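Spelled out, the chains give:
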Amino acid sequence: MDFNSTNFWDVLLWSLFFFIWIAAVMIWFRLIFDMFGDHTLSGWAKAGWAILLIFLPWLGAFIYLIARGKSMGERQMAAMADAQAQQEKYIQNVAAKTKSPAEQIADAKGLLDSGAISQAEFDALKTKALAS
């Protein structure tokens, strides 16, 4: 194909083909990840779907989406809910709950008694704990 003989419609057609190819590759990868991420499928079922998706990619993708499309959405929603629950659990574990003023003063008193801080530092910590 010579650059001088290329017209707008040829470029548009090639752009369409390129877009369709990228979309198809994205769909196939999504189906492969869903298939191998599904713990309810047996190994033989995964092998069968993989063979179908490799040797008849368009037909295999349509059949997979028709047969397992609803469960794909359910698995994705369950995975998102699980990830959100894990994130909330992590945030609760990491975010330390603030101690009460009495606990802060008791900790400061322990440091004062052990000699780690002076009386002036203890008074400053006590004032800060009571202010919060």
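What counts as what
- Residues numbered from 1 in each chain as written.
- Predicted model: local features only at pLDDT ≥ 70, side-chain atom pairs only at ≥ 80, totals over all residues.
- Heavy atoms only, no water.
- Helix = DSSP H or I, 4+ residues; strand = E, 2+ residues; numbered from the N terminus.
- Expected span 1.5 Å × (residues − 1).
- Buried < 20%, exposed > 50% of the residue type's maximum accessible area, 1.4 Å probe, protein only.
- Arc of directions from axis to C-beta.
- Contact = heavy atoms within 4.5 Å.
- Patch = residues over 30% accessible without salt bridge, like charges linked within 9 Å, V, L, I, M, F, W, Y side chains within 5 Å.
- Areas by Shrake-Rupley, 256 points an atom, 1.4 Å probe, with all protein chains shown as cover.
- Salt bridge = Lys/Arg side-chain N within 4 Å of Asp/Glu carboxyl O.
- Polar contact = N/O pair within 3.5 Å; in protein donor to acceptor, adjacent residues only side chain to side chain.

Student: Break down helix α4 (residues 101-114) for me, with residues and values.
Tutor: With 14 residues, α4 ought to run about 20 Å at 1.5 Å a step, and its terminal C-alpha atoms sit 20 Å apart, in line with that. Among all positions in α4, only Ile 105, Ala 108 and Leu 112 are buried. All buried residues of α4 project into a common sector of 65 degrees when viewed along the axis, lining one side. In this structure, α4 carries Asp 113 and Ser 114 as exposed residues pointing more than 90 degrees from its buried face. Against the buried residues of α4 lie α5 (119-131). Downstream of α4 by one or two residues, Gly 115 has phi in the positive range, about 90 degrees.

Student: An account of a nonpolar patch on the surface is requested, with residue identities and associated values reported.
Tutor: Taken together, the side chains of Leu 13, Trp 14, Leu 16, Phe 17, Phe 19, Ile 20, Trp 58, Phe 62 and Ile 66 make up a nonpolar region of the molecular surface, amounting to roughly 1,000 Å² of accessible area. Turning to its location among the elements, Trp 14 is positioned in helix α1 (residues 8-37). Judged by its relative accessible area of 54%, Trp 14 falls in the exposed class.

Student: Kindly report on α1, identifying the contributing residues and their values.
Tutor: If you check α1, its first and last C-alpha atoms are 43 Å apart, about what 30 residues at 1.5 Å a residue would give, namely 44 Å. Regarding α1, the residues found buried are Ala 24, Trp 28, Leu 31, Asp 34 and Met 35. Buried residues along α1 sit in contact with α2 (43-55) and α3 (57-94). The distance from a side-chain oxygen at the start of α1 to the backbone nitrogen of Trp 9 is 3.1 Å, and the residue carrying that oxygen is Asn 7.

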